[in-house]
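Working through the structure, step by step
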Amino acid sequence: MIFELLQEQLFQLALIAALLVGLCAPAVGTFIVQRRLALLGDGVGHVALTGVALGFLTGTAPVLTAVLVSIAGAVAIELVRARGRTSGDVALALLFYGGIAGGVMLMAVSPGGSNAKLNSYLFGAIASVTPLDIWIVAALAVTVLGVVAIFGRELFVLCQDEEMAKASGLPVRFLSLLIAVTAALTVVIAMRVVGLLLVSALMVIPVATSQQLTRGFRTTMGLAMLFGVLASVGGLLASTYSPKVPPGAAIVLLALAGFVLALGVGKFVRRGRTQESTLSERPKLRVEEVA
């Protein structure tokens, strides 16, 4: 049956979207988790809803307006956080409330707005992606992965220790804004797949899963991207075989199942390493002592 599905254009578009989201979300999420900004995706996701509603209100492409509004919101929260006028969690809360309220209000007064369209962006509607959506998402995905590839080392140093990054002469302000903007682009990429309310889960859970099994930063990111792809494609297949299954929820639940499994495997592996290190540290008995 899978070969028959691959012949259908709608499934092809949905599969491409799932693959792109599965790659991009954990890649950016690795830096966000490392910097302890796991809720940044949620905050930007709420702001993106205002951008989507603005697109319906003005009659333009909702994805493009979501990009602009998300970037503006991400930059605003980073500037507020950096200047220390309010704490990061308060700034995120402002984005949460203002973004969701603005989106609902603008969608209500938009000529083409409706609850069905609102829900498709809140919870995802991967089966309804269009070729135009795919081209936009693909361009954003290339941008996101390009940023990770080019600035990965500098972003890693920043996320590990901001003071060390400053002492090393790195452009901390620019890199901080770069993380925020990249996270905003990732939210827009993933909103048609998992929805704006669940997008942060796909940025965080695969990374947390990978951290249970690996130690190195690059290995963690690579494995997180693999887990993200598996969860995205698995959720898509689940919703395809059973139309009653929402794809966004299925993707997140599969990612959570992977985390639970990795948690058990990680404990077993760490226990084995501890026993090996304990045995290696024991003093070796000499022949005279054995005798």
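Given the structure is predicted, the values throughout are model-derived calculations rather than measurements.

Criteria and cut-off values
Residues numbered from 1 in each chain as written. Predicted model: local features only at pLDDT ≥ 70, side-chain atom pairs only at ≥ 80, totals over all residues. Heavy atoms only, no water. Helix = DSSP H or I, 4+ residues; strand = E, 2+ residues; numbered from the N terminus. Buried < 20%, exposed > 50% of the residue type's maximum accessible area, 1.4 Å probe, protein only. Areas by Shrake-Rupley, 256 points an atom, 1.4 Å probe, with all protein chains shown as cover. UniProt positions renumbered as here; feature names shortened; annotations may be inferred. pLDDT = per-residue confidence, 0-100. Contact = heavy atoms within 4.5 Å. Axes fitted to C-alpha atoms, helices over the stretch in contact; angles between N-to-C directions. Parallel < 35°, antiparallel > 145°, perpendicular 65-115°, else oblique. Left-handed = near helix turned anticlockwise from the far one by under 90°. Nonpolar A, V, L, I, M, F, W, Y, C, P; charged D, E, K, R; others polar. Phe/Tyr/Trp six-rings, centres within 6.5 Å; stacked < 30°, edge-to-face > 60°. Polar contact = N/O pair within 3.5 Å; in protein donor to acceptor, adjacent residues only side chain to side chain. Expected span 1.5 Å × (residues − 1). Core = buried A, V, L, I, M, F, W, Y, C linked by side-chain atoms within 4.5 Å. Patch = residues over 30% accessible without salt bridge, like charges linked within 9 Å, V, L, I, M, F, W, Y side chains within 5 Å. Salt bridge = Lys/Arg side-chain N within 4 Å of Asp/Glu carboxyl O.

1. What about the overall build of the protein?
Each helix and strand in the protein was counted, giving 13 helices and zero strands. Counting helices and strands in the order they occur from the N terminus, the protein gives α-α-α-α-α-α-α-α-α-α-α-α-α. Evaluated residue by residue, the protein yields a buried proportion of 46% over its 291 residues. Accessible surface computed for the protein: about 14700 Å², of which carbon and sulfur atoms make up 68%.

2. Quick word on the UniProt feature "transmembrane region" (unreviewed entry) in the protein
Here, UniProt's "transmembrane region" (unreviewed entry) annotation points to residues 12–33, 53–77, 89–109, 121–151, 172–190, 196–214, 221–242 and 248–269. For residues 53–77, the helix share is 88%, the strand share is 0%, and the end-to-end C-alpha distance is 21 Å. From the first C-alpha to the last, residues 221–242 spans 31 Å; its make-up is 95% helix and 0% strand.

3. Details of the confidence of the model for the protein
For the protein, per-residue confidence averages 78 on the pLDDT scale, and 83% of positions sit at 70 or higher. In this model residues 284–291 is a low-confidence stretch, pLDDT under 50, and it forms one contact with partners more than four residues away in sequence or in other chains.

4. Side note on the packing of helix α2 (residues 9–34) against helix α9 (residues 172–190)
Look at α2 against α9: their axes get within 10 Å of each other, and the N-to-C directions meet at 150°. As summarised for this structure, α2 and α9 are arranged roughly antiparallel, according to the angle between their axes. α2 and α9 meet at a crossing whose hand is left-handed. Judged by residue contacts, Val21, Cys24, Ala25, Val28 and Ile32 of α2 engage Ile179, Thr182, Ala183, Thr186, Ile189 and Ala190 from α9. Looking at the contact of α2 with α9, its residues break down into nine nonpolar, two polar and no charged.

5. Remarks on the packing of aromatic side chains
Enumeration over the complete set of coordinates arrives at three aromatic pairs. With 4.6 Å between their ring centres and 55° between their planes, phenylalanine 156 and phenylalanine 217 make a pair best called tilted. With a gap of 61 residues between them, phenylalanine 156 in helix α7 (residues 131–160) and phenylalanine 217 in helix α11 (residues 217–241) connect regions that are remote in the sequence. Overall, the relative accessible area of 18% leaves phenylalanine 217 in the buried class. One aromatic cluster in this structure is built from Phe31, Phe156 and Phe217.

6. Looking at the side chain of serine 239
Counting through the fold element by element, serine 239 comes out in helix α11. A polar contact is formed between the side chain of serine 239 and the backbone oxygen of leucine 236, at a distance of 2.8 Å. Once residues within four sequence positions are removed from consideration, serine 239 is found in contact with Val245 and Pro247.

7. A look at the environment of valine 67
Structurally, valine 67 is set in helix α4 (residues 62–83). Classification of valine 67 as buried rests on a relative accessible area of 11%. Spatially, the C-alpha atom of valine 67 lies 9.1 Å from that of isoleucine 189, the residues being 122 residues apart in sequence. The contacts of valine 67, once residues within four sequence positions are left out, are Leu140, Leu185 and Val188.

8. Let's talk about α9
Taking 1.5 Å of rise per residue, 19 residues should cover 27 Å, and α9 covers 27 Å from first to last C-alpha, within 8% of that figure. Most of α9 sits inside the fold, with 15 of its 19 residues counted as buried.

9. Quick word on the nonpolar core
By size, the foremost hydrophobic cluster in this structure holds 76 residues, and its most contacted members are Ile32, Ile189, Met191 and Met203. If you tally residues by element for this core, the top one is α2, at 13 residues. Here isoleucine 189 is in contact with Val21, Cys24, Val137, Leu140, Ala141 and Val144, once residues within four sequence places are set aside.

10. Thoughts on the environment of valine 157
Of note, valine 157 is situated in helix α7. Given the relative accessible area of 22%, valine 157 is considered partly exposed. Residues valine 157 and valine 172, spaced 15 residues apart in sequence, show a C-alpha to C-alpha distance of 9.9 Å. Contacts of valine 157, omitting those with residues within four sequence positions, involve Ala165 and Leu170.

11. Side note on a nonpolar patch on the surface
On the surface, a cluster of nonpolar side chains totalling about 340 Å² of accessible area is made up of Leu54, Leu57, Met105 and Val109. Only α3 (40–58) and α5 (88–109) provide two or more residues apiece to the nonpolar patch. Overall, the relative accessible area of 31% leaves leucine 54 in the partly exposed class.

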